[in-house]
Amino acid sequence: MSQQAVLYDVPGPRQRRYTQIFSAVAALVVLAGLYFLVYKPLDEKGQFSLELWGPLIDPGNENFSQVWKRIGIGAKNTLIAAVLAIVASLVIGTLVAVLRLQLKELNRRRFTGLAAPVSILLRGLSLALTALTRACVEIFRGLPVVITIFFVARGFPEFGITFDTLWYLVIGLTIYNGVVIAEILRSGMEGLPPGQREAAVAIGLSPLQTTVTILLPQAFRIMLPALISQLVVVLKDTSLGFIISYEELLNIGKQIIGALGNPIQTYTIIAVLFIAVNYSLSKLAQYIQRRLARGRKTAGVTGRGPTAPAVQAAAAGADEVNPV
Amino acid sequence: MNVLIDKFDVFAGGFWLTFQICILAAIGALILGAVVAVLRISPVPPLRALGTAYVTVFRNMPLTVVMFFAAFGLPALGSNANFLRIPVIDAIFTRLGTDLPYFRFALIALILYTAAFVCEALRSGVNAVSPGQAEAARSLGLTFGQNLRYVVLPQSWKASIVPLGSVIIAMIKNSALIGFFGVVGDLSSTADQLTGAEGYAFIPVAIGISIGYLIMTVPLGALLDRIERRQAVAAR
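This write-up is about the structure you can find in this document.

Cut-offs applied
Residues numbered from 1 in each chain as written. Chains lettered and ligands numbered in written order. Predicted model: local features only at pLDDT ≥ 70, side-chain atom pairs only at ≥ 80, totals over all residues. Heavy atoms only, no water. Contact = heavy atoms within 4.5 Å. Buried area = accessible area lost by both parts, 1.4 Å probe. Salt bridge = Lys/Arg side-chain N within 4 Å of Asp/Glu carboxyl O. Helix = DSSP H or I, 4+ residues; strand = E, 2+ residues; numbered from the N terminus. Buried < 20%, exposed > 50% of the residue type's maximum accessible area, 1.4 Å probe, protein only. Core = buried A, V, L, I, M, F, W, Y, C linked by side-chain atoms within 4.5 Å. Patch = residues over 30% accessible without salt bridge, like charges linked within 9 Å, V, L, I, M, F, W, Y side chains within 5 Å. Areas by Shrake-Rupley, 256 points an atom, 1.4 Å probe, with all protein chains shown as cover. Axes fitted to C-alpha atoms, helices over the stretch in contact; angles between N-to-C directions. Parallel < 35°, antiparallel > 145°, perpendicular 65-115°, else oblique. Left-handed = near helix turned anticlockwise from the far one by under 90°. Nonpolar A, V, L, I, M, F, W, Y, C, P; charged D, E, K, R; others polar.

Here we take up the interface of chain B and chain A. Contact with chain B, which involves 64 residues of that partner, is made by 54 residues of chain A. For the chain B and chain A pair, buried surface summed over both sides reaches about 5100 Å², with 69% attributable to carbon and sulfur atoms. Area buried by chain B at its contact with chain A is led by Asn60, Lys173 and Phe202 of chain B, which between them contribute 13% of it. Applying the counting rule to chain B against chain A returns zero salt bridges.

Laid out in C-alpha cells, this is it:
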C-alpha cells in the first residue's frame, strides 16, 4: 500500500485536471468502442431482448419462479459440496500435517535401546513411511483437481464402490485440497520460532503433544488468511462437479440454457453469484489478516518478534490465491 | 499396462497439445498480467479502478464459467477468435490455425483467467521492494515510468518469481479443463477416448495421464522450492 504512494508524487491541481480530462476522453472512446464492438453485435443478435433476460430478471415472467427455484437448488448443492469438502479437507489436511511432522520427528530417533537389527528395521520403516507420505503429497498436489475428480468418479466404480455423485466430487476435492492445506499448515508450523518447540520439549511434552497443543494452534492462527483463500478455491472448484454431472450451479445453468436457449444471460447471472460470494470471502480473509497484524503489533511485548515474518509469509500466501 | 506402450503416441500427442496450450497461455497471461499490474499501480485513478475491477472479476469467477463465456460469448460477438491465427506461430502450434475455434477459445479463457493471478503475483513483488528504494529514485527526480523500469521492477522480479511460478503451475493444472470443453486430443481428453471409445482398462490409462501431468508440474515445483530456499538463505 505504502509502496504505491511512493512511486509518484501526489498529483497537483494541474495534473489532476489533466487526469480528469484524459479520463473523460478515454472513457468516451472506450464506451464508443464497447458500443460498436460489443453492444451492437449482441443487440443485433437480440441478446438484450427481454425474451432471453426475462426468465432471469423479470419477476412477472412465467418462467421466473421456476428458473430461480432451480438456481436455488443449484446454489444449495454447490454450498453442500463446498462445505463438506472444506470440512473434510481441513480434517485430512490437519491429520496429514501432523503425521508428516511426527514422521520427521521419528526419523531423528536412533532406537538405541533395541537390538541392532530391530533398530535398523524401525529406522528403515520410518524412512519408508516418510518417503511414502511425501510422494503422496507431491502426486496429489501435482495433479489437476479436474483429473482427480474425474479419476475418483471413474476409478471407484472400477473397484465396485459406488456413491452418489456428490461424494465423488467431495472426495476428489478433499484429496487435492487436503494435501494443499496440509502443506499450508506444515509450513506454518515450521515457520514458528524454534523456541516454541524447544520450550514444549523442555517441560516434558511428547512430540505429539508438542505438535497438537503448541504448534498446531499457532499455525492455524498464522495461516488463517491463506486457509480462507484456499476455501475460496474449494468453492470455485465445486463448479467442476459438472464434468461428473453433479447438479451444482453450473449444471443447473446448463439445464436452464437447454430449456430457454439463453447461454450468455444465464452464465452472467451465475458469474455474478460466484463473484459475490467469493469476493466477500476474500474480503473476510483480508479483514482477518489486518486484525492479525494489528493484534501482533498491539500485543507489543515481544515487539518485532520472530513471528512477524511468518505473518508476512501468510499474508503473501493469501495474496496469491492458488487458482482453481 | 500394455496400453501405455501400445498407445504411447496418443499419450505423447495429448501431452504435446497440453504443453502447447500451456506455453501459449503462459506467454499471453504474463503479458496481459504485466499490463494489468502496471494499471493497478499507476498514478491515474480510473486506470487503477480498471485494473482492480479486472482482478476482482477474474479471480472470483471459476475458470469453467470463463470458458463458457469464451465459448458462447465470442461467437455471439461474431468472432471465431481468428485474430489468433498468427501466420508464423500457427505453423508451430498447429491448433491455432484450425477451423474449429475451441482451442483458441480455451486459450483466451485461460489467458484472461491466469492474467489476474499473474497481476497479483507481480504486485506482491513490487510491494516487497523496500520503500526506501522507490523514495530514493523519486528524490533523484525519476518519473513514474523510469522509477518502475530502472529501480523497482528489476528488484521486484526476484520477489515475484516464486509466486509467479506457482501461478504457472496452477495454470498447467487448470489447462486440464480444456479437454472437457471440446478441445479434442489434449491429455485429459485422452482418458475418455481410450477408455470409452477404444475400451482400454481405466487404471493404466489413469496412470499414464497422471504421469503426463506430473512430468510438467513436479519438476517445476521442485525448482521453485529450490529457488525459494536459496532466496531465504540469501535474505538471512
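In this section: the environment of Asn2 of chain B. Residue and element names in this part refer to chain B. Relative to the elements of secondary structure, Asn2 occurs in helix H1 (residues 2-6). Judged by its relative accessible area of 56%, Asn2 is exposed. The sequence separation of Asn2 and Cys22 amounts to 20 residues, and the corresponding C-alpha distance is 29 Å.

All names here are of chain B. Tracing the backbone through its elements, the reader meets Ser160 in helix H8 (residues 144-174). Looking at Ser160, the relative accessible area reads 1%, which means it is buried. Those residues in contact with Ser160, other than ones at most four positions away along the chain, are Ala121, Leu122 and Gly125.

The next point concerns the nonpolar core. If you look at the biggest cluster of nonpolar residues, it comprises 115 residues, and the most contacted ones within it are Met67, Ile209 and Tyr213 of chain B. It is helix H6 (residues 102-128) of chain B that contributes the most residues to this core, 16 residues altogether. Apart from residues lying up to four places away in sequence, Tyr213 of chain B is in contact with Leu143, Pro144 and Ile147 of chain A together with Thr18, Ile172, Ala176, Asp186, Leu187 and Ser188 of chain B. Formed by 11 residues, the second largest nonpolar core is a distinct cluster that contains Tyr8 of chain A together with Ile41, Val126 and Val129 of chain B.

This brings us to the side chain of Thr148 of chain A. By the element assignment, Thr148 of chain A lies in helix H6 (residues 145-158). The residues touching Thr148 of chain A, leaving out its near neighbours within four places in the chain, are Leu143, Gly172 and Ile175 of chain A.

A grouping of Ile80, Leu84, Phe159, Ile161, Phe163 and Trp167 of chain A together with Ile203, Ile207, Ile211 and Ile215 of chain B is seen on the molecular surface, where their side chains present a nonpolar patch of about 860 Å² in accessible area. Elements supplying a minimum of two residues to the nonpolar patch: helix H4 (64-108) of chain A together with helix H10 (202-235) of chain B. Counting residues per element, the nonpolar patch draws most heavily on H10 of chain B, at four residues. The topology assignment puts Ile207 of chain B in helix H10.

In this section: the packing of H6 of chain A against helix H9 (residues 187-197) of chain B. Contact pair H6 of chain A / H9 of chain B: the axes reach a minimum separation of 10 Å and the direction vectors enclose 20 degrees. It follows from the interaxial angle that H6 of chain A and H9 of chain B lie roughly parallel. The way H6 of chain A lies across H9 of chain B gives a crossing that is left-handed. Only Ser188, Ala191, Asp192 and Thr195 of chain B of H9 of chain B make contact with H6 of chain A, whose side of the interface consists of Ile147, Phe150 and Arg154 of chain A. Tallied by class, residues from the contact of H6 of chain A with H9 of chain B come to three nonpolar, two polar and two charged.

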